[in-house]
Amino acid sequence: MGMDAAAAMTAEELAAELALMRRRLARSESARTQAEALLEIKSRVLAQANEQLKANRELLRIELGQRTRQLLEAQRVAGFGTMIWDAEAFKGELSPYCQALLGLPGLAEIDGAVSASGSHPMLDRVVPEERQKVFEWSERLTSRALELKRSGVFSHHDGLSQICSTEACGSCANLTDCDRMLEFRIAGQSDGEANRMIRALAETSIDEDLGRALVFITVQDITREIEAANEADALRQRDQRRMRELEQLAVELRAAREVADRANAAKTRFLAMMSHDIRTPMNGVIGMLELFDDAGLSESQHEMLRLMRASGDQLRMLLDDIIDLEQAESGKLTLAAFPLEVGTFLGTSIGFWARAARHKGLTLELERAAFGYGRPMVEWIVADRYRLRQIIDNLVSNAVKYTRRGGILVRVGPVADDRFRFEVIDTGIGIPPERRAEIFVDFGQLHTADVQAGGSGLGLAICRRIVELMGGSIGVEVGPGGVGSCFWVELPFVEVDGPTAAKQKEEKRLRRFDGGRLRVLVAEDVETNRIVARGMLSKLGCDVELVTNGEEAVEAVRRGEFDVVLMDMSMPVLDGPEATRRIKAIPGAVSRTPIIALTAYSGRAELAPMMTAGAIGVVKKPIVLDELYRAIKSVCR
Amino acid sequence: MKGVIFSELIHWVEETYSPGIADRMIVQAELPGEGSYTSVGNYPHVQALAMIGQLVEITGRPVDALADAYGYWLSSRLAALYPQFFVGYTDAISFLKAIDGIHQKEVTKLYPDALTPRVIAEVDGQDLLVSYASHRPFAEVAHGLIRGYIDHFGDDLVILRDEQTQGPHAARFILQRK
C-alpha cells in the first residue's frame with residue numbers, strides 16, 4: 001500500500017487493515033508452527049526408520065552369513081565345491097569345499113593369469129598330461145561367457161540372465177553338452193595318495209545387476225564313483241561269465257537229462273517188452289506147475305515144488321509191476337469206471353488174504369469206521385475195480401508180509417460227502433520216519449527190505465501212481481500206540497445206484513459156477529497156453545472147449561451155449577477184439593455170453609480194444625489158478 | 001485432505017478477490033484452527049467445503065463455477081510446486097493416463113496417510129475418458145484441474161461431461177480433439 005493511499009484511508013479503515021494483517025500474520029505463524037511440529041514428528045519417524053533400517057540390515061547380514069554357512073555346509077555334505085569365474089576380471093572365487101577338493105587350502109580367490117614359467121596354482125594340481133585339456137576348457141568357457149554378454153541374446157525373469165538351453169537356440173554362444181562337463185585327474189594331496197578324479201560342470205551366465213559375464217562351475221570328487229563303477233563293471237562281467245557258464249551247464253544238464261530220460265524210457269520199454277515176451281513161456285512154466293499133480297511126491301519134492309511155485313509167483317508179480325510202472329511212466333495208465341458194491345468188494349479183497357494171515361498166525365479184520373464223519377459209507381460207487389484191488393492187495397500183502405505177531409486191521413469209511421479213506425493197520429516192524437516218504441518212490445530207490453522179502457520193491461510206488469491218478473492221496477504213519485504202521489489212502493468217489501434188474505438176472509443165470517459145471521470156451525493160438533488153460537479150468541471143474549483163433553471162437557459161440565469165453569487178444573486169422581465184437585453182434589442170447597480177455601499185456605491202453613469190444617474181465621498170462629477162479633467167479637457171480 | 005489444497009484455496013481467494021475477502025471467508029467459516037494451514041499437514045475436507053460455502057455467500061457466484069475456477073488455478077500451482085510429477089510428459093492425455101498408476105503411488109509414498117481420489121483415464125478411439133470418484137464432493141475441482149492441465153501442455157482438447165455421471169462425488173469427462 002502506497003503512502004498516498006494510506007493517507008487517504010480513514011482511521012477505521014487503517015485499523016481494519018491492521019487487524020487483517022495481524023490475523024494473516026497469526027495464521028502464517030500458526031501454519032509455520034504446525035509445519036515445524038510436523039517436521040519434528042517426521043524427523044523422529046525418519047530417525048526411527050533409519051534405526052530400524054540399520055537393525056534390519058544387521059539381521060540380513062546375520063541371516064546372509066547363516067545362509068552362506070549352510071550353503072557351504074550343504075556343499076561339503078553333498079561333496080560339491082563351487083567356483084564362480086568372472087570372465088572379464090579373469091578372476092575366480094572358490095568355495096571352501098572347492099579349495100579342499102582341489103587341494104588349494106586358503107586360496108579363496110584365484111587369478112586366471114599363468115606365470116611366465118607356465119605355472120598356475122590350479123593347473124599345477126592337475127596331472128601333467130591333462131593340464132592342456134583343462135586349460136583349453138577354461139579358455140573356451142571364458143570366451144563363451146564374453147560372447148554371451150556381447151550377443152545380448154539373454155533376458156531372464158529372475159534377473160540372472162542365463163543362456164538358453166543347448167537344443168533350443170543356435171544364435172547365442174551357448175555351451176554344447178560336452179563343454180558343460182569336464183573330467184580330469186588331480187594329484188593326490190599327500191605323498192603316496194593316489195590321483196583323484198574330478199568332475200566339473202559349468203554354466204555361463206550374465207549377472208545383470210553387476211553387468212558381469214560369469215561362469216558357474218561345480219566340482220565333485222568322483223574317484224569313488226569311478227572305482228565303484230569299475231568294480232560294478234568287473235562284477236557284472238564276472239556275473240555274465242558265470243551266467244554263461246551256468247547256461248552252458250544247464251544246456252549240458254538238459255542234454256544229459258534227455259539222454260538219461262531216453263535211456264530210462266528205453267530201459268522201461270525194454271523191460272516191459274521183455275516182461276511181455278517172458279510171460280508167454282512163463283505161462284507154460286507156472287501153469288504147468290499149478291497143474292502139477294503133487295500127489296505121491298516125497299516131502300523134499302513137495303518142498304521143491306513149493307519153492308518152484310513161489311518163485312514162479314514172484315517172477316509173475318515182478319513182471320506185473322514192471323509193466324504197470326512202464327504204463328505209469330509213459331502216461332498210459334488209465335482208469336476204468338464201473339459200478340462197484342463196496343461191501344462185497346472189500347469182503348472179497350480182504351478175504352483173499354485171510355488164508356495167508358492165518359498161515360502166519362495173524363488176525364485180519366475188516367472194520368467200517370466213521371473217521372469223525374457223520375454218515376456211513378455208501379454201498380455202490382463208481383470205481384476201477386482192478387486198480388482198487390491192486391492197491392488193497394499191495395497194502396494188505398505188505399502188512400501180512402512184515403507182521404510176525406498180532407494182526408492186521410483194515411478200516412474203511414467216508415471222510416467227506418465225496419471222499420473215503422481206508423487204512424491198513426498192522427502190528428509189524430514199522431517204518432522209521434525218515435523212510436516213510438522214500439518207500440513211495442519208484443525204481444531209483446529199490447527197497448532192499450522189500451526185495452529181500454520177496455517183492456519187486458515197486459508195489460507202493462505203483463500204488464502212489466494209481467492213487468494220484470484217481471485224484472487221491474496215500475501215506476503212512478506209525479500205528480496206534482506207536483506199534484507197527486498205518487498205511488492210509490483217501491480217494492474221491494461218486495455214488496451210483498446198484499445194477500439193473502436185467503443185469504442181476506443175467507448174473508443169476510451164471511451162478512451155476514459154484515453149483516454145477518461151467519462150459520468154458522478158450523480161444524488161444526499158443527498151444528502151451530491152451531494146455532495150461534484147459535488144465536486149470538478142468539481143475540476148477542469146468543467143461544472146456546479149445547479153439548485156436550477168433551473166427552473159430554465166433555463159430556463155436558454161435559453153435560453152442562457157453563457160460564464163459566476166455567479170449568486171447570493176439571491171434572491169427574481174427575484177433576480177440578474183432579471176435580468179441582462179432583460175438584456181441586450175434587442175434588439172441590449167445591451175444592450176452594461173458595467174455596474174459598486173456599492177455600500178456602496188463603496196460604489199460606492195450607486192453608482197451610477188448611474192453612471196448614465188450615469183454616468184461618481180464619486174466620493175465622501167465623495164468624494163475626486163483627486169478628482165473630476169481631475172474632470167472634466175478635463174471636458168473 | 002492434504003493441507004496444500006487448503007493453503008492454496010486461501011491463496012487463490014487472496015489472489016483472485018482480495019486478502020480481505022479471504023479473511024472474511026475464513027472468519028465466517030468458523031474454522032477450528034482459525035484458517036491456519038500448512039501444505040504438509042492434513043485437515044478434514046469439510047473445512048474446505050465450509051470455506052467455499054462462505055465464498056459463495058460473499059461473492060454470490062455459484063459453487064460449481066467457484067470449484068472449477070479453483071481447480072484450474074490449482075493445476076498451475078501444482079505444476080509450480082511439484083514439477084517432478086510433470087517430467088517426461090508432453091501432453092495432457094499421457095499425463096492424465098499416468099495419474100492412477102504412477103502419480104497417486106508417488107503421493108502415497110510421500111504421504112502414506114493420503115486418501116487420494118480414484119482417477120482413471122482410458123483411451124476410447126480418438127477420445128480419452130477420465131473417470132473421477134471420491135468420497136469428497138470435488139468433481140468440479142477435478143474438471144478445473146483437467147482444464148488446467150490441457151492448457152498447461154497447450155493441447156487442443158475440449159472437455160465434455162458424461163451426463164449420466166453427474167454429481168459432486170463421481171464424474172466422467174470425455175476429452176476430444178477440437
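Residues numbered from 1 in each chain as written. Chains lettered and ligands numbered in written order. Predicted model: local features only at pLDDT ≥ 70, side-chain atom pairs only at ≥ 80, totals over all residues.

1. Quick word on the overall build of chain B
Looking only at helices and strands, chain B has 6 helices and 4 strands in total. Overall, chain B shows an N-to-C arrangement of helices and strands of α-α-α-α-α-β-β-α-β-β. Sorting the 178 residues of chain B into buried and exposed places 34% on the buried side. In chain B, of all internal contacts separated by at least 6 residues, the share reaching a separation of at least 24 is 63%. (Helix = DSSP H or I, 4+ residues; strand = E, 2+ residues; numbered from the N terminus. Buried ≥ 20, exposed ≤ 12 C-beta atoms within 10 Å, placed from the backbone. Contact = placed C-beta atoms within 7 Å.)

2. Here we look at the overall build of chain A
Helix and strand counts for chain A come out as 19 helices and 20 strands. Expressed as a percentage of the 637 residues in chain A, the buried residues total 28%. Taking the contacts inside chain A whose residues are at least 6 apart along the sequence as the reference set, 62% of them involve residues at least 24 apart.

3. Quick look at helix α2 (residues 11–78) of chain A
Residue and element names in this part refer to chain A. Given a rise of 1.5 Å per residue, 68 residues ought to cover 100 Å, and the 96 Å separating the end C-alpha atoms of α2 matches this to within 8%. Little of α2 sits inside the fold, with 3 of its 68 residues counted as buried. Here α2 has its buried residues at Arg27, Ala31 and Gln75. Turning to α2, the residues buried within the fold contact β1 (80–86) and α3 (96–102). In the stretch just after α2, glycine 79 is the one whose phi turns positive, near 80°. (Expected span 1.5 Å × (residues − 1).)

4. A closer look at the interface of chain B and chain A
Taken together, the contact pairs 11 residues of chain B with 9 residues of chain A. Of the residues assigned to the side of chain B that touches chain A, the class counts are 3 nonpolar, 6 polar and 2 charged. (Nonpolar A, V, L, I, M, F, W, Y, C, P; charged D, E, K, R; others polar.)

5. Focus on the sheet that holds strand β3 (residues 157–161) of chain B
In any sheet, the strands associate via hydrogen bonds between backbone groups, in a parallel or an antiparallel arrangement. All names here are of chain B. Spatially, β1-β2-β4-β3 is the arrangement adopted by the 4 strands of the open sheet, whose pairing is antiparallel. Taken across any chain shown, the strands that pair with only one partner, and hence form the sheet edges, are β1 (118–124) and β3. Between one strand axis and the next, the sheet turns through 25° on average, direction left out of account. The strands that helix α5 (residues 92–110) touches are β1, β2 (127–133), β3 and β4 (170–177); relative to β1, the one it contacts most, it runs at about 135°. On top of the sheet, helix α6 (residues 139–153) reaches β2, β3 and β4; it is set at about 20° to β4, its chief contact. (Pairing = 2+ DSSP bridges. Axes fitted to C-alpha atoms, helices over the stretch in contact; angles between N-to-C directions.)

6. Examining the sheet that holds strand β11 (residues 407–416) of chain A
All names here are of chain A. Taken together, the 5 strands give an open sheet; going across it, the order is β9-β11-β12-β14-β13, and neighbouring strands pair in mixed fashion. In this open sheet, the two edge strands, each paired with only one partner strand, are β9 (363–368) and β13 (473–478). For this sheet, the mean angle separating the axes of adjacent strands, direction not counted, is 15°. By the bridge criterion, 7 bridges tie strand β12 (residues 419–426) to strand β14 (residues 485–492) in an arrangement that is antiparallel.

7. Quick notes on the environment of Phe173(B)
Residue and element names in this part refer to chain B. Locating phenylalanine 173 in the fold gives a position in strand β4. Each C-alpha atom, one on phenylalanine 173 and one on glutamate 163, is 9.3 Å from the other, the two residues being 10 residues apart in sequence. When near neighbours in sequence (up to four residues on either side) are disregarded, phenylalanine 173 contacts Val130, His143, Ile146, Ile159 and Arg161.

8. A few points about the confidence of the model for chain B
All names here are of chain B. Counting all residues, the mean pLDDT for chain B is 90, and 100% of those residues have values of 70 or more. Within chain B, the lowest mean pLDDT, 83, falls on α5, and the highest, 95, falls on helix α3 (residues 45–59). This complex was scored by the predictor with a pTM of 0.40 and an ipTM of 0.81. (pLDDT = per-residue confidence, 0-100.)

9. Concerning unusual backbone geometry
Most of the time, phi is negative for any residue but glycine, and the peptide bond is trans. One non-glycine residue, Phe90(A), adopts positive backbone phi at about 55°. Mapped onto the elements, Phe90(A) comes out in the loop between β1 and β2 (91–94). Among the residues examined, Phe90(A) registers 12 C-beta atoms within 10 Å and is labelled exposed. Backbone geometry at Glu34(B) places phi at a positive 55°, although glycine is not the residue there. Structurally, Glu34(B) is set in the loop between α2 (19–29) and α3. Looking at Glu34(B), the number of C-beta atoms within 10 Å reads 13, which means it is partly exposed.

10. Some words on helix α7 (residues 299–329) of chain A
Residues and elements named next belong to chain A. For α7, built from 31 residues, the straight-helix expectation of 45 Å at 1.5 Å per residue is met to within 8% by its first-to-last C-alpha distance of 45 Å. Among all positions of α7, only Arg316, Leu319, Asp321, Ile322, Ile323, Asp324, Leu325, Glu326, Gln327 and Ala328 are buried. In this structure, the buried side of α7 is in contact with α6 (223–291) and α12 (459–469).

11. Regarding the packing of α2(B) against α3(B)
Residue and element names in this part refer to chain B. Running from N to C, α2 and α3 cross one another at 120°; their axes reach a closest spacing of 8 Å. Between α2 and α3, the crossing angle belongs to the class labelled oblique. As α2 packs across α3, the resulting crossing turns out to be right-handed. Between α2 and α3, the residues in contact are Ile21, Arg24, Met25, Ile26, Gln28 and Ala29 and Ala50, Met51, Gln54, Leu55 and Ile58, respectively. Among the residues making up the contact of α2 with α3, the classes are represented as 8 nonpolar, 2 polar and 1 charged. (Parallel < 35°, antiparallel > 145°, perpendicular 65-115°, else oblique. Left-handed = near helix turned anticlockwise from the far one by under 90°.)

12. Side note on the packing of helix α10 (residues 385–402) of chain A against α12(A)
All names here are of chain A. At their nearest, the axes of α10 and α12 sit 10 Å apart, and the two run at 145° to each other. As for the relative orientation of α10 and α12, their crossing is left-handed in sense. Residues Arg387, Gln390, Ile391, Asn394 and Asn398 of α10 pack against Gly459, Leu460, Cys463, Ile466 and Val467 of α12. Its residues assigned to classes, the contact of α10 with α12 comprises 5 nonpolar, 4 polar and 1 charged.

13. Observations regarding the nonpolar core
Grouped together as the largest cluster of nonpolar side chains are 44 residues, with contacts concentrated most on Ile391(A), Val396(A), Ile408(A), Val410(A), Val424(A) and Val467(A). At 7 residues, the largest contribution of residues to this core is made by α10(A). Apart from residues no more than four positions distant in its own chain, Val467(A) is found in contact with Ile391(A), Gly472(A), Ser473(A), Ile474(A), Val489(A) and Leu491(A). Among the nonpolar cores identified, the runner-up in size contains 42 residues, and Tyr37(B), Tyr132(B), Phe138(B) and Leu175(B) belong to it. (Core = buried A, V, L, I, M, F, W, Y, C linked by C-beta atoms within 7 Å.)

14. Looking at the pairing of strand β18 (residues 564–568) of chain A
Residue and element names in this part refer to chain A. Of all 5 residues making up β18, 5 are buried, and the element is well covered by its neighbours. Side chains of β18 alternate between two faces, with Val564, Leu566 and Asp568 and Val565 and Met567 buried alike. As judged from the 4 bridges shared by strand β16 (residues 519–523) and β18, these two strands associate in the parallel manner. Among the inter-strand pairings, leucine 521 is bridged to a residue of β18, identified as valine 565. Inspection of the sheet shows β18 paired to strand β19 (residues 595–599) by 4 bridges, in the parallel sense.

15. Re the confidence of the model for chain A
When pLDDT is averaged along chain A, the result is 82; 88% of the residues meet or exceed 70. Counting interchain partners and residues more than four positions distant, the pLDDT-below-50 stretch residues 504–512 of chain A has 8 contacts.

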